[in-house]
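Observations on chain architecture
Read off the chains here:
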Amino acid sequence: STIQRTELVAPLIGALKLLSNILAGCTEAKLACVSLQLPMLLLRLWPLGSHAAALRTQLLTLLCNYVGHCPAAKASLTAYSDAKGRCLATIVVKLVTRVPRPSQPPMPWDHWRIGWAVLQALATTTESRAALMRAHLLAASARVRARANACVRERVDARACADA
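Quick look at the structure, then. (Residues numbered from 1 in each chain as written. Predicted model: local features only at pLDDT ≥ 70, side-chain atom pairs only at ≥ 80, totals over all residues. Heavy atoms only, no water.)

Quick word on helix H8 (residues 126-134)
For H8, every residue scored as buried is listed here: Ser128, Ala131 and Leu132. Looking down the long axis of H8, one finds its buried residues gathered within 100° of arc, a one-sided arrangement. The exposed set on the far side of H8, more than 90 degrees from its buried face, consists of Thr126 and Arg134. Phi turns positive one or two residues past the end of H8, at His136, with a value near 60°. (Buried < 20%, exposed > 50% of the residue type's maximum accessible area, 1.4 Å probe, protein only. Helix = DSSP H or I, 4+ residues; strand = E, 2+ residues; numbered from the N terminus. Arc of directions from axis to C-beta.)

See below:
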C-alpha cells in the first residue's frame, strides 16, 4: 500500500505542476476549474501531502496559482469542506500557523512561504477574508510571531553567553 502510494506521487506531482502552469494567469482556466469543483479534489489530496513534502509544495503552489486574481476561485475555496468541516482556507491557516513541538522538525520553508502567499491572495476578497477571520488567523499569527521572536531572543542570548 505504501509502495503503491510512493509510485503514484511522482505522476501526481507532474499532473499538479501541469495544472498549476495552466492556471497561472489564465482566468478562463481558473473559471473552468471552479465549475469542475477543483477544491473538492484538492481536499481529497491534501492528507497525502503530510507524507510527501514535494506533493504538499505542489498542492500549495497550485492553490496559489488558482486563487491569484480570481474572485470566483477564492470563493470556491470556502465553498467546500472536508469530513471535519474545514475548507481549504482554514486548512492553510492551520498549516502556516502551527507551531511544531520541540521533537518535530520545522515546516519546510517553501510550505510556509507559499502558504502565506495563498492567504495573502485570499485576504483580498470579503468572503475569503471572513473565512480567514473565522479560522482565527490573526490570533494564530500573533502566537507564531511571538514564538519566532522568542527564538531570536534565545539565539541572541546564546551568542552573548558564548562571547562572554
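Quick look at the side chain of Arg56
Take Arg56: it is sitting in helix H4 (residues 53-67). Buried and without a salt bridge, Arg56 has Asp82 as its closest oppositely charged side chain, separated by 10 Å. Reaching out from Arg56, the side chain makes a polar contact with the backbone oxygen of Trp46 at a distance of 3.0 Å. Arg56 has contacts with Trp46, Gly49, Ser50, Leu95 and His111, leaving out every residue within four places of it along the chain. (Lys, Arg positive; Asp, Glu negative; His and termini not counted. Salt bridge = Lys/Arg side-chain N within 4 Å of Asp/Glu carboxyl O. Polar contact = N/O pair within 3.5 Å; in protein donor to acceptor, adjacent residues only side chain to side chain. Contact = heavy atoms within 4.5 Å.)

Considerations on the side chain of His111
Structurally, the position occupied by His111 is in helix H7 (residues 109-122). Within the structure, His111 has its side chain in polar contact with the side chain of Thr57 (distance 2.8 Å). Excluding its chain neighbours within four sequence positions, the residues that come into contact with His111 are Ala53, Arg56, Thr57, Leu60 and Val96.

A word on the state of the cysteines
The final tally for this structure, using the stated rule, is zero disulfides. Cysteine Cys33 shares no disulfide, and the gap to the nearest cysteine sulfur, in Cys26, comes to 9.3 Å. Cysteine Cys70 remains unbridged, with the sulfur of Cys33 as its closest cysteine sulfur at 9.6 Å. (Disulfide = S-S within 2.5 Å.)

Points about unusual backbone geometry
Positive phi is not limited to glycine here, since Gln37 has a value of about 60°. Residue position: Gln37 is located in the loop between helix H2 (27-35) and helix H3 (38-45). Residue Gln37 is classed as partly exposed on the basis of its relative accessible area, which comes to 39%. Unusually for a residue other than glycine, His136 sits at a positive phi of about 60°. Within the fold, His136 resides in the loop between H8 and helix H9 (137-163). Overall, His136 belongs to the exposed group, its relative accessible area being 55%.

Some remarks on the pattern of salt bridges
Taken as a whole, this structure holds two salt bridges when the rule is applied. Residue Asp82 pairs with Arg86 through a salt bridge whose shortest N-O separation is 2.8 Å. Two residues, Asp110 and Arg113, come together in a salt bridge whose shortest N-O distance is 3.1 Å. With Asp110 and Arg113 both in helix H7, this residue pair falls three residues apart, about one helical turn. Judged by relative accessible area, which is 33%, Asp110 ranks as partly exposed.

Some remarks on the packing of aromatic side chains
Each aromatic ring pair is summarised here by two numbers: the centre-to-centre distance and the angle between the ring planes. If you walk through the whole model with that rule in mind, you get two aromatic pairs. With a centroid separation of 5.2 Å and an interplanar angle of 20°, the aromatic rings of Trp109 and Trp112 are classed as stacked. Of the two residues, Trp109 and Trp112 are both situated in helix H7; the distance of three residues between them amounts to about one turn of the helix. For Trp109, a relative accessible area of 56% puts it in the exposed group. Overall, Trp112 belongs to the partly exposed group, its relative accessible area being 31%. (Phe/Tyr/Trp six-rings, centres within 6.5 Å; stacked < 30°, edge-to-face > 60°.)

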